[in-house]
Amino acid sequence: MPELVTERAELRRRCEQARQAGRAVGFVPTMGALHEGHLALLDAARREGADFLVASIFVNPLQFGEGEDFQRYPRTLQRDLEACAGRGVDVVFAPEARHFYPPDFSSRVVAGGPVARWEGAHRPGHFDGVATVLTKLFSLVGPSVAVFGRKDFQQWRVVERLVEDLDLPVRVVGHPIVREPDGLARSSRNLYLSEAERPRALAIPGALTSAHDLWSRGERRAEVLGRRVEEVLGPAVDEVDYVAVVDARTLEPLCGEVADEPCGPVVLVAARVGTTRLIDNLWLGVDDPPQRPAGD
Ligand code: AMP
């Protein structure tokens, strides 16, 4: 089993010790309810050279807005510890919120870079909450490498900016999305989906696959790609927050013919199925399309 650490000072001490012993610290921050997506990030951190692996499991109140799912977010620490043991994690940091943010905690890191649109627009304050928790975690862990999932594509770009702007001595790696066999992006929030809702959620990867089909056949008009996603998604889900075809670096929306470069645009999707808000994306020209249902 990994060592379970709940206190900030203890985490700093364990990571300091590891560095002094010449070990490269790798870090994967999570909110727990671990699934294959998270575990792939842990494996990636090892491949990136980490020989002391730290995972944090912390449902960070600062990144949830009013009326969001902070209270009901799944908390499965015991199972998560077992999953981490299977991946050779050295330390799991799972603090209590009241210790991580003591009563007099009052500073915030304001996130920059591509924060204005998409998740930033739909979840005001979200990226500041992410930037604040990560700045604290990076300070405590002192990782040489930290791995993030491209499932949260915008978050990954915002974290790259944060690290660059604040000269944080950590290398940020973005890992491809890990999906269920039927194509649904793995997410702790998939646990919220009822039996009836789950098939409807498959419209999300289905819509991204349709855009990929068009892209493979040479379609380069951003509006046409975006419209196809909306057409597939719209009838199946309860609400579409956004569908956007964006520049992979700036996350600005594209229009007209997109440049035919090997790394194409990213199609971003956020939609609600029942009470569950799901996000997904596909980096055209880079990512494989989500799996098609058998026989399709
Ligand atoms: P979370 O626990 O949802 O905050 O996610 C923690 C990290 O795991 C983030 O960097 C996510 O982008 C990443 N992640 C979550 N789901 C997936 C997935 N299906 N594939 C790859 N990375 C993921």
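Above this text you will find the structure in question.
Caption draft 1: Structural context of the site of the ligand. Contacts to the ligand come from 17 residues, most closely from His38, Gly149, Asp152, Val178 and Arg186. Here Gly149 contributes a backbone N or O atom positioned 2.8 Å from an oxygen atom of the ligand. Note that an oxygen atom of the ligand is positioned 2.6 Å from one of the side-chain N or O atoms of Asp152. Computed on the free molecule, the ligand has an accessible area of 480 Å², of which 93% lies beneath the protein chains in the complex. Those elements giving two or more residues to the shell around the ligand turn out to be β2 (25–30), α2 (36–47) and β5 (145–149). If one sorts the elements of the shell around the ligand by residue count, α2 sits on top with 3 residues.

Caption draft 2: Representation of the environment of Met31 in the model. Among the secondary structure elements, Met31 is positioned in the loop between β2 and α2. When the C-alpha atoms of Met31 and Arg123 are compared, they prove to be 17 Å apart, with 92 residues separating the residues in sequence. In this structure Met31 touches Ile57, Phe58, Val59, Asn60, Gln63, Phe64, Tyr73 and Arg189, once residues within four positions along its chain are discounted.

Caption draft 3: A look at the sheet that holds strand β9 (residues 276–283). Taken in spatial order, the 3 strands line up as β7-β8-β9 in an open sheet, and their pairing is antiparallel. Edge positions in the sheet fall to β7 (239–246) and β9, since each of these pairs with one other strand and no more. When strand polarity is set aside, the average angle formed by the axes of neighbouring strands in this sheet is 10 degrees. Judged from the 7 bridges that link them, β7 and strand β8 (residues 266–273) form a sheet pairing that is antiparallel. Across the sheet, Val245 pairs through a bridge with Val267, a residue of β8. Along the sheet, helix α7 (residues 153–165) contacts β8 and β9; its crossing angle with β9, the most-contacted strand, is approximately 70 degrees. Contacting β7 and β8, helix α10 (residues 222–233) runs over the sheet at an angle of about 155 degrees to β7.

Caption draft 4: Layout of the sheet that holds β2. With respect to topology, 6 strands assemble into an open sheet ordered β1-β4-β3-β2-β5-β6, the strand pairing being parallel. Here the strands that pair on one side only, and so sit at the sheet edges, are β1 (3–5) and β6 (171–175). Strand-to-strand, the axes of this sheet are offset by a mean angle of 25 degrees, without reference to chain direction. As defined by bridge partners, β1 adjoins strand β4 (residues 91–93) across 3 bridges and the pair is classed as parallel. By the bridge assignment, Glu3 is partnered in β4 with Val91. Set on the sheet, helix α3 (residues 77–86) makes contact with β1, β3 (52–57) and β4; between it and β3 the angle comes to about 160 degrees. Sitting on the sheet, helix α6 (residues 126–141) is in contact with β2, β3, β4 and β5, with an inclination near 150 degrees to β2.

Caption draft 5: Highlighting the packing of α6 against α7. At a minimum axis distance of 11 Å, the contact between α6 and α7 shows a crossing angle of 55 degrees. Judged by the inter-axis angle, α6 sits oblique to α7. When you trace α6 past α7, the crossing you get is right-handed. Contacts between α6 and α7 involve Phe127, Val130, Ala131, Leu134, Thr135 and Phe138 from the former and Gln154, Gln155, Val158, Val159, Leu162 and Val163 from the latter.

About the cut-offs
- Residue positions are counted from 1 within each chain, in the order its sequence is given.
- Given that this is a predicted model, residues contribute local features only at a pLDDT of at least 70 and side-chain atom pairs are listed and counted only at 80 or more, while totals for whole chains, interfaces and linings are drawn from all residues.
- Side-chain measures here rest on the full set of heavy atoms in the structure, leaving out hydrogens and waters.
- Residues are labelled near a given molecule or strand when at least one of their non-hydrogen atoms is within 4 Å of it.
- Here a polar contact means two N or O atoms within 3.5 Å. Within protein one must be a hydrogen donor candidate and the other an acceptor candidate, and residues neighboring in sequence count only if both atoms are side-chain atoms.
- For the area figures, the Shrake-Rupley method with a 1.4 Å probe applies, and any residue is considered shielded solely by the protein chains shown.
- Only runs of H or I of at least four residues qualify as helices and only runs of E of at least two qualify as strands under DSSP, and these elements are numbered from the N terminus.
- A contact between two residues is defined here by any heavy atoms of the two lying within 4.5 Å.
- In short, DSSP must find at least two bridges between two strands for them to pair.
- Axis definition: a line fitted to C-alpha atoms, over the contacting stretch in the case of helices. Angles run 0 to 180 degrees between N-to-C directions.
- Oblique is the label for every angle not falling under 35 degrees (roughly parallel), over 145 degrees (roughly antiparallel), or within 65 to 115 degrees (roughly perpendicular).
- Each crossing gets its handedness from the near helix: less than a right angle anticlockwise from the far helix is left-handed, clockwise is right-handed.

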